[in-house]
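An overview of the molecular structure
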Amino acid sequence: MKLPFDKISVIGLGYIGLPTAATLASRGVTVIGVDVSPKAVEAINQGRIHIVEPDLDAVVHQVVGAGFLRAVAKPEPADAFVLAVPTPFKGNHKPDLSFVEAAAKSIAPVLKKGNLVILESTSPVGTTEKMSQWLAAARKDLSFPHQKGEKADIQLAYCPERVLPGKVLQELVQNDRIIGGLTKKATQMATDLYKIFVTGQCLPSNARTAEMAKLTENSFRDVNIAFANELSLICAKLGIDVWELIELANHHPRVKILQPGPGVGGHCIAVDPWFIVDSTPKEARMIRTAREVNDGKPHRVIDQVKAALKKTRSRTVACLGLAFKADIDDLRESPAVEIVRELAKDKKLKLLAVEPNVKALPASLAGLPNLHLAELDEAVKKSQVVLLLVNHRSFYEMDRQKLKGKTVLDTRGVWR
Ligand code: SAJ
């Protein structure tokens with residue numbers, strides 16, 4: 001079968017870009033991956049990966065070996081460009097589009113008439129339109145959708161990724177995909193591109209709706225987790241077991257409450273809702289409040305630890321879990337790390353952190369004199385207060401007899 005694109009370039013070879021590049025390459029497309037990190041480029045060209053994602057190493061090894069994927073530092077001409085670069089926020093919760101702008105400007109010199117440019121990075125509404133303008137400013141010899149619409153030389157679309165870390169290779173292929181072109185032609189071209197590897201539905205829309213859909217999905221989850229976290233605070237005051245409460249309420253056929261925890265981490269759910277708040281601050285009242293409830297949760301946990309320590313003579317706390325969620329090794333933007341770092345400020349405390357998925361403490365915790373990485377048994381044995389922060393499998397499997405006589409603060413409801 002003739003593929004609709006001979007050569008596709010993926011800009012940004014991180015958690016989304018690399019699996020996308022490798023999956024496209026595994027379907028027989030020639031893929032040029034571009035990344036600013038020389039280490040990433042070098043690793044990929046040797047058939048290795050620089051991130052952790054199940055099964056990705058084998059696919060990258062295979063497609064690089066077969067000559068379908070090649071990594072470079074500087075963009076080269078291609079038929080289509082897929083941009084998957086980070087969109088963090090700045091200190092004041094304002095979206096930082098500098099990586100998207102830099103990526104757009106880096107491909108501008110190699111664009112040719114007939115090219116398709118797709119933005120996948122989570123972005124505030126209107127970013128794809130901005131990209132069209134950045135590219136037009138750099139290439140006066142070509143026309144873009146905001147100038148010539150369907151007849152433009154270069155077509156642009158926004159197509160958000162929705163994959164779950166840990167299941168990226170399956171979800172990339174199986175999830176439905178929203179395809180938001182700046183023009184109908186762009187939507188059709190991008191649909192042709194994703195159909196190379198997506199078995200889910202390709203849902204045609206426009207760029208602004210597609211941008212908002214991505215933000216909406218993660219805000220929906222954030223608001224729902226905030227509801228659970230707020231319930232946990234209410235229940236603590238009223239002397240009710242929040243886990244039992246949620247389990248009972250979820251027996252109602254139309255109620256599906258999520259789980260409370262020590263706060264919301266990761267690079268998506270704790271960030272994306274702010275993009276909506278930034279664009280419509282007066283209207284986005286519930287979305288902002290949800291963010292505040294979830295961001296406030298680590299502080300409530302710290303208060304609980306301090307209250308528990310007041311009642312015991314021991315100064316040693318076992319902190320179980322550092323990752324931002326269960327059974328992953330990703331410690332970035334983790335509420336558990338935030339809580340441990342804050343507790344470590346009290347130099348009278350000794351903290352024994354247990355994180356079965358890493359071999360060393362992250363840079364943000366390394367070097368704290370009163371914090372050490374420990375094995376589960378040792379940490380629990382040596383501590384009077386046991387603080388559970390992440391619902392890792394090994395904590396469920398622990399012999400609960402070992403907790404007898406200890407003050408247990410279980411923020412995830414693992415041991416109820
Ligand atoms: N969490 C809770 N209680 C829950 C569920 C989650 O406290 O009931 C916490 C987790 O512990 C974690 C945080 O929320 O700290 C986020 O975890 P997550 O599993 O909800 O989501 P992510 O960040 O791993 O991935 C999300 C997904 N979005 C949705 O489910 C709507 C994923 O599909 C997206 O592709 C990803 O964001 C992204 O890249 O945007």
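Treat the numbers as computed from the prediction; the structure is a model and nothing was measured. (Residues numbered from 1 in each chain as written. Predicted model: local features only at pLDDT ≥ 70, side-chain atom pairs only at ≥ 80, totals over all residues. Heavy atoms only, no water.)

**A word on the layout of surface pockets**
Approximately 370 Å³ is the volume attributed to the second largest pocket. Surrounding the second largest pocket, 18 residues form its lining, Val242, Trp243, Gln304, Asp410 and Thr411 being those nearest its centre. At the level of elements, helix H9 (207-238), helix H10 (242-249), helix H12 (285-310) and strand S13 (407-410) are the ones that each hand at least two residues to the lining of the second largest pocket. Ranked by residue count, the leading element in the lining of the second largest pocket is H9, at four residues. Split by residue class, the lining of the second largest pocket holds 11 nonpolar, four polar and three charged. (1 Å grid on protein atoms, 1.4 Å probe; cavity = no way out; pocket = protein on both sides within 12 Å on 5 of 7 lines; lining within 4 Å. Points joined across faces, edges and corners; volume = space filled by probe spheres on them. Helix = DSSP H or I, 4+ residues; strand = E, 2+ residues; numbered from the N terminus. Nonpolar A, V, L, I, M, F, W, Y, C, P; charged D, E, K, R; others polar.)

**Details of the sheet that holds strand S5 (residues 116-119)**
The eight strands lie next to each other as S3-S2-S1-S4-S5-S6-S7-S8, forming an open sheet whose pairing is mixed. In the strand order of this sheet, the two ends are held by strand S3 (69-72) and strand S8 (202-206), each with one partner. Taken pair by pair, the neighbouring strands of this sheet meet at an average axis angle of 25°, ignoring direction. Bridge count between strand S7 (residues 177-181) and S8: five bridges; the pairing is parallel. Counted as the bridge partner of Gly181 is Asn206 from S8. (Pairing = 2+ DSSP bridges. Axes fitted to C-alpha atoms, helices over the stretch in contact; angles between N-to-C directions.)

**Observations regarding the domain arrangement of the protein chain**
Here the domain parsing of the protein chain yields domain 1 (7-200) and domain 2 (220-410). Once you take the C-alpha centre of each, domain 1 and domain 2 turn out to be 34 Å apart. Across the boundary between the two partners, domain 1 contributes 12 residues, which contact nine residues of domain 2. For the domain 1 and domain 2 pair, buried surface summed over both sides reaches about 1,000 Å², with 65% attributable to carbon and sulfur atoms. Our enumeration of links across domain 1 and domain 2 arrives at one salt bridge. Across the pair Lys94 and Asp278 runs a salt bridge, and its minimum N-O distance is 2.6 Å. (Domains from an automatic or database assignment. Contact = heavy atoms within 4.5 Å. Buried area = accessible area lost by both parts, 1.4 Å probe. Salt bridge = Lys/Arg side-chain N within 4 Å of Asp/Glu carboxyl O.)

**Some remarks on the site of the ligand**
Close to the ligand lie 19 residues, the nearest being Val163, Lys214, Asn218, Arg221 and Phe324. Contact between the ligand and Lys214: an oxygen atom at 2.6 Å from a side-chain N or O atom of the residue. Interatomic distance of 2.7 Å between a backbone N/O atom of Gln259 and a nitrogen atom of the ligand. Of the residues contributing to the shell around the ligand, the split by class is nine nonpolar, three polar and seven charged. Of the residues that make up the shell around the ligand, three or more belong to each of domain 1 (7-200) and domain 2 (220-410). (Near = heavy atom within 4 Å. Polar contact = N/O pair within 3.5 Å; in protein donor to acceptor, adjacent residues only side chain to side chain.)

**A closer look at the environment of Leu361**
Tracing the sequence through the fold places Leu361 in the loop between strand S10 (350-354) and strand S11 (371-373). Note: C-alpha distance between Leu361 and Leu322 (39 residues apart in sequence) is 9.1 Å.

**Some thoughts on the side chain of Thr187**
Here Thr187 lies in helix H8 (residues 184-194). The contacts of Thr187, once residues within four sequence positions are left out, are Ile179, Gly180, Gly181, Pro204 and Ser205.

**Structural notes on H12**
Compared with an ideal rise of 1.5 Å per residue, which puts 26 residues at 38 Å, H12 spans 37 Å between its outermost C-alpha atoms and is within 8% of the ideal. A bend of about 30° at Lys297 is the largest found in H12, and the proline Pro298 appears one to four places after it. (Expected span 1.5 Å × (residues − 1). Bend = angle between axes of the 7 residues up to and from the residue.)

**Here's the deal with the pattern of salt bridges**
Note that side chains of opposite charge can pair when their charged atoms are close. One pass over the full model with this rule turns up 19 salt bridges. Residues Asp241 and Arg416 are paired through a salt bridge, measuring 3.3 Å at the closest nitrogen-oxygen approach. Placement of Asp241 in the loop between H9 and H10 and of Arg416 in the segment after S13 is noted, with a sequence separation of 175 residues between them. Ionic pairing is found between Glu342 and Lys345, a salt bridge with its closest N-O pair at 3.1 Å. We classify Glu342 as partly exposed; its relative accessible area is 34%. The exposure class of Lys345 is exposed, given its relative accessible area of 56%. (Buried < 20%, exposed > 50% of the residue type's maximum accessible area, 1.4 Å probe, protein only.)

**Considerations on a nonpolar patch on the surface**
Among the surface-exposed residues, Ile234, Leu238, Ile240 and Leu245 lie close enough to one another that they form a single nonpolar patch of about 340 Å² accessible area. Within the secondary structure, Ile234 is located in helix H9. (Patch = residues over 30% accessible without salt bridge, like charges linked within 9 Å, V, L, I, M, F, W, Y side chains within 5 Å. Areas by Shrake-Rupley, 256 points an atom, 1.4 Å probe, with all protein chains shown as cover.)

**Brief notes about the nonpolar core**
Counting residues in hydrophobic clusters, the biggest one holds 44 residues, and the most contacted among them are Ile8, Leu18, Leu69, Ile118, Leu193 and Tyr194. Other than its neighbours up to four places away in sequence, Ile118 contacts Phe81, Val82, Leu83, Ala157, Cys159, Ala190, Leu193 and Tyr194. Of all hydrophobic cores here, the second largest spans 31 residues; its members include Ile11, Leu83, Val110 and Leu135. (Core = buried A, V, L, I, M, F, W, Y, C linked by side-chain atoms within 4.5 Å.)

**Side note on the packing of helix H4 (residues 98-107) against helix H5 (residues 127-138)**
Two elements in contact, H4 and H5, have axes separated by 9 Å at closest approach and are oriented at 40°. Our classification of the angle between H4 and H5 gives oblique. Relative to H5, H4 is oriented so that their crossing is right-handed. Contacts between H4 and H5 involve Val100, Glu101, Ala104 and Ile107 from the first element and Thr127, Met131, Trp134 and Leu135 from the second. Of the residues in the contact of H4 with H5, the class split is six nonpolar, one polar and one charged. (Parallel < 35°, antiparallel > 145°, perpendicular 65-115°, else oblique. Left-handed = near helix turned anticlockwise from the far one by under 90°.)

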